[in-house]
Every structure is written in C-alpha cells, then in structure tokens.
Amino acid sequence: MKPPDNDEIAGLLERIADLLAVQDANPYRVQAYRNAARTIRECPRPLVEIFQQEGTEGLDALPGIGRSLAALVAEYVHSGRSRLLDRLEGQVSPEDLFATVPGIGEELAQRIARELEIETLEDLELAAHDGRLQRVVGFGPRRAQLVREALAGILGRSGRRRARRWHMARASAEEPRPPAPEDALLLEIDAEYRRRAAAGELRTIAPRRFNPEGKAWLPILHADRGRWRFTALFSNTARAHELGTSGDWVVIYYECDGDEDQCTVITDR
C-alpha cells in the first residue's frame, strides 16, 4: 500500500470537517480540522516521513495539530483508514473491517461476523486468543496464529491506544486501559441524546447497515465537555435489531488527547 501524501491526509481531515459540520458538531472542532488540513498542505516535509522519524510527537509539534489529530494521522498512515471517518459516514460493517486483517478474506469475514456475533477488532483479537476463532470453519491453528500476529500489529502500533479486556493480559503483554469519563458524565450525554432525539432536534444520518432503503433515520449527537469529545447514536448493530432495542441502546464514543473508547447505555428492563 502506497503511503498517503500530504494532500491525501489533508483531504481526509477536510472530509471529516465537512461531515462534522453537517452533523452539527462544535464549530471550533470543525475549524480545528480545517486548520490542520491547511497546515498539512503547506508543510514542506511529508507527514509520513515526520511520523516515521519522530513518531506522533513529531506530528503533535506541527502548528494546530495536537495529540488527537496526530493520533488520527498516525492511524491513517498505518492502516489507510480512519475509524472516525468510517463512523461519521456510517458505512463500515464488521465484515468489511475483518476483511482488512491479513489471513481473512471476504467469505471468512462474513462467517466470523455471523457465527461469532462480534463487531470490532478487539472482539476478534479476543476470539483469536480464547479459541472461538478456531471453531469457525476455515480456521486452523496456523491461520489463527497469523490473525493473532496481524492484530497485535494493527492494534498495538500507531497513535491508536486501544482498550484491552482485562483477561487478554494472560495471552499477551498487559496494556493500560485508556482513561474514561466519569459515569455521571456519560449518563449526562446519554440523557441529552435521548431527549434531543425524541424532540427531533438532532441531525439524522443514513447508515449503510440494516437500511436497505437508505433512509436518514439515525440521530447523531456530537458534544464537547471539557477535554472530552463525545459522539452518541442509537445502536445500529445486528444484535440490537434482533432484540428490538435499536431505539434504546445508545452507543457513546469518547475521545481525549488521542485516546478513545466507547460504551453502550441501556435502560433498565
């Protein structure tokens, strides 16, 4: 895969800025992406070279970049994708995600998502370590090991410091969990999202999954609280649709200084 040049990286940030603007994100956040894109276009050195020689610290030192955008650029340089862009466009599916892992093609990716009912690379890594992946037709010990090694590289490198489940430490080196907002703050975001979604105050997007008619039905909220940035939306997963909870489960993505994670808030039944 050819490394992205500065124009391509700047285009990524501009695309994110456009989507954030359409979805009523904080104008200052939108402008930060546009300013960063301008800095990158005018930078005399290739960002890939800066990252390779100086790491995320070198990207962070550029005017108007900062830790969060440095982490996003590092992710894109490594993988050619941006999870934030995927999320904003509402187009990534577990099948597409798993198919990007070496050793897994489209057919196997579909089988994994269907049989294991998992949706993230972290879930896939856990399944590769606890034996579930090897029970999927098409996987043996050798291919499972290949996937474990590939995921260790994908999840362990770049600016994306992913959250690990606690029992993964028995199979690999323990990695500290990224910081998380207080529960009260998460519940505050959840309450605001539910209230504004019910009142029809939020922008709606048209997710690609489980939406054959392409309707813009999914409300999305972007909110800033101090150093935290949040995105909230109803769960559009296979499990939520199966249980009829796609209008109840609220997925909250949160990010601070390049560290990001997510949680799901559900009402008591």
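Conventions we followed
Residues numbered from 1 in each chain as written. Predicted model: local features only at pLDDT ≥ 70, side-chain atom pairs only at ≥ 80, totals over all residues. Heavy atoms only, no water. Buried < 20%, exposed > 50% of the residue type's maximum accessible area, 1.4 Å probe, protein only. Helix = DSSP H or I, 4+ residues; strand = E, 2+ residues; numbered from the N terminus. Pairing = 2+ DSSP bridges. Phe/Tyr/Trp six-rings, centres within 6.5 Å; stacked < 30°, edge-to-face > 60°. Lys NZ or Arg CZ within 6 Å of the ring centre and 35° of its normal.

Q: Mind laying out helix α8 (residues 121-130), listing which residues take part and the relevant values?
A: Buried residues dominate α8, accounting for eight of its 10 residues. For α8, every residue scored as buried is listed here: Leu121, Glu122, Asp123, Leu124, Glu125, Leu126, Ala127 and Ala128. Phi turns positive, to about 100°, at Gly131, one or two residues after α8.

Q: Residues and numbers for the pairing of strand β3 (residues 228-234), please.
A: Burial of β3 is extensive: six of the seven residues sit out of reach of the surface. By the bridge criterion, six bridges tie strand β2 (residues 218-225) to β3 in an arrangement that is antiparallel. The residue of β3 that forms the bridge with His222 is Thr231. Counting the residues that bridge the hairpin from β2 to β3 gives two residues, and of these Gly226 lies at a positive phi of roughly 60°. Sheet analysis places β3 next to strand β4 (residues 250-256), joined by six bridges and oriented antiparallel. Residue Phe230 lies in a different strand from β4, and its bridge partner there is Tyr254.

Q: Any details on the packing of aromatic side chains? Residues and values, ideally.
A: On inspection of all chains with the given rule, the structure shows two aromatic pairs. Taking the centre distance of 4.9 Å and the plane angle of 70° together, the rings of Tyr193 and Phe234 count as edge-to-face. With Tyr193 in helix α10 (residues 183-198) and Phe234 in strand β3, the pair connects residues that are 41 residues apart, well separated along the chain. According to the relative accessible area criterion, Phe234 is buried, its value standing at 12%. Seen in terms of ring centroids, Trp228 and Tyr254 are 5.9 Å apart; in terms of plane orientation they differ by 80°. Their pairing is edge-to-face. With Trp228 in strand β3 and Tyr254 in strand β4, the pair connects residues that are 26 residues apart, well separated along the chain. Pair check on accessibility: Trp228 and Tyr254 agree, each one buried. Residue placement shows Arg143 over the ring face of Phe139; its charged tip is 5.9 Å from the ring centre.

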